[in-house]
Amino acid sequence: MKLLQIEDRPLKAIRIMAMPYKYKVCLGCDSIVSAKVSTCPNCHSYRFEQSVEEVLKQAKELALRPQKSVTTFDLLG
Ligand SMILES: [Zn+2]
């Protein structure tokens, strides 16, 4: 199981939204990281926002951010 390695951002965002308590938001680079890490793998910050509300907000932005490549997702019908 390598859920965090999925490149697909909307799918990743959905997984995060399903289990927000397993993640936290890095205050250094705004990326969503596993709640288990002690420093951010992207920017090595050790400051995190761990509230579910903040994780959900960031996950939504991750999902809604326009993709660079044109890809069709049928998630919204
Ligand atoms: Zn970071």
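Below is a short write-up of the structure. (Residues numbered from 1 in each chain as written. Predicted model: local features only at pLDDT ≥ 70, side-chain atom pairs only at ≥ 80, totals over all residues.)

1. With respect to the packing of helix H1 (residues 9-18) against helix H2 (residues 52-64)
Convention followed: Here the axes come from fitting lines to C-alpha atoms, over the contacting stretch only for helices, and the angles between their N-to-C directions go from 0 to 180 degrees. Only DSSP runs of H or I with at least four residues qualify as helices, and only runs of E with at least two residues qualify as strands; both kinds are numbered from the N terminus onward. Roughly parallel here means an angle under 35 degrees, roughly antiparallel means over 145, roughly perpendicular means 65 to 115, and every remaining angle is called oblique. Each crossing is labelled by how the near helix is turned from the far one, with a counterclockwise turn of less than a right angle marking it left-handed and a clockwise turn marking it right-handed. Two residues qualify as being in contact provided that their C-beta atoms, derived from the backbone, are within 7 Å of each other. Amino acid classes used here: Ala, Val, Leu, Ile, Met, Phe, Trp, Tyr, Cys and Pro are nonpolar; Asp, Glu, Lys and Arg are charged; the rest, including Gly, are polar.
Close contact between H1 and H2 brings their axes to 8 Å; oriented N to C, the two are set at 160°. The orientation of H1 relative to H2 falls into the category roughly antiparallel. By crossing handedness, the relation of H1 to H2 is classed as left-handed. The residues of H2 that touch H1, namely those facing Arg 9, Pro 10, Ala 13, Ile 16 and Met 17, are Val 55, Leu 56, Ala 59, Leu 62 and Ala 63. Partitioning the contact of H1 with H2 into residue classes produces 9 nonpolar, no polar and 1 charged.

2. Description of the nonpolar core
Here is a general trend for soluble globular proteins: nonpolar side chains tend to be buried in one another's company. Selection rule: Think of a nonpolar core as buried Ala, Val, Leu, Ile, Met, Phe, Trp, Tyr and Cys residues chained together by C-beta atoms that fall within 7 Å. Residue burial is a threshold on neighbouring C-beta atoms within 10 Å of the residue's own C-beta, all placed from the backbone, with 20 or more meaning buried, 12 or fewer meaning exposed, and counts in between meaning partly exposed.
Within the largest apolar cluster, 10 residues are counted, these being Ala 13, Ile 16, Tyr 23, Val 25, Cys 26, Ile 32, Val 33, Phe 48, Val 55 and Ala 59. When residues of this core are traced back to their parent elements, those giving at least two are H1, strand E1 (23-26), strand E2 (32-34) and H2. Per-element accounting of this core gives the leading share, 3 residues, to E1. Other than its neighbours up to four places away in sequence, Cys 26 contacts Ser 31, Val 33, Cys 40, Asn 42, Cys 43, Ser 45 and Phe 48.

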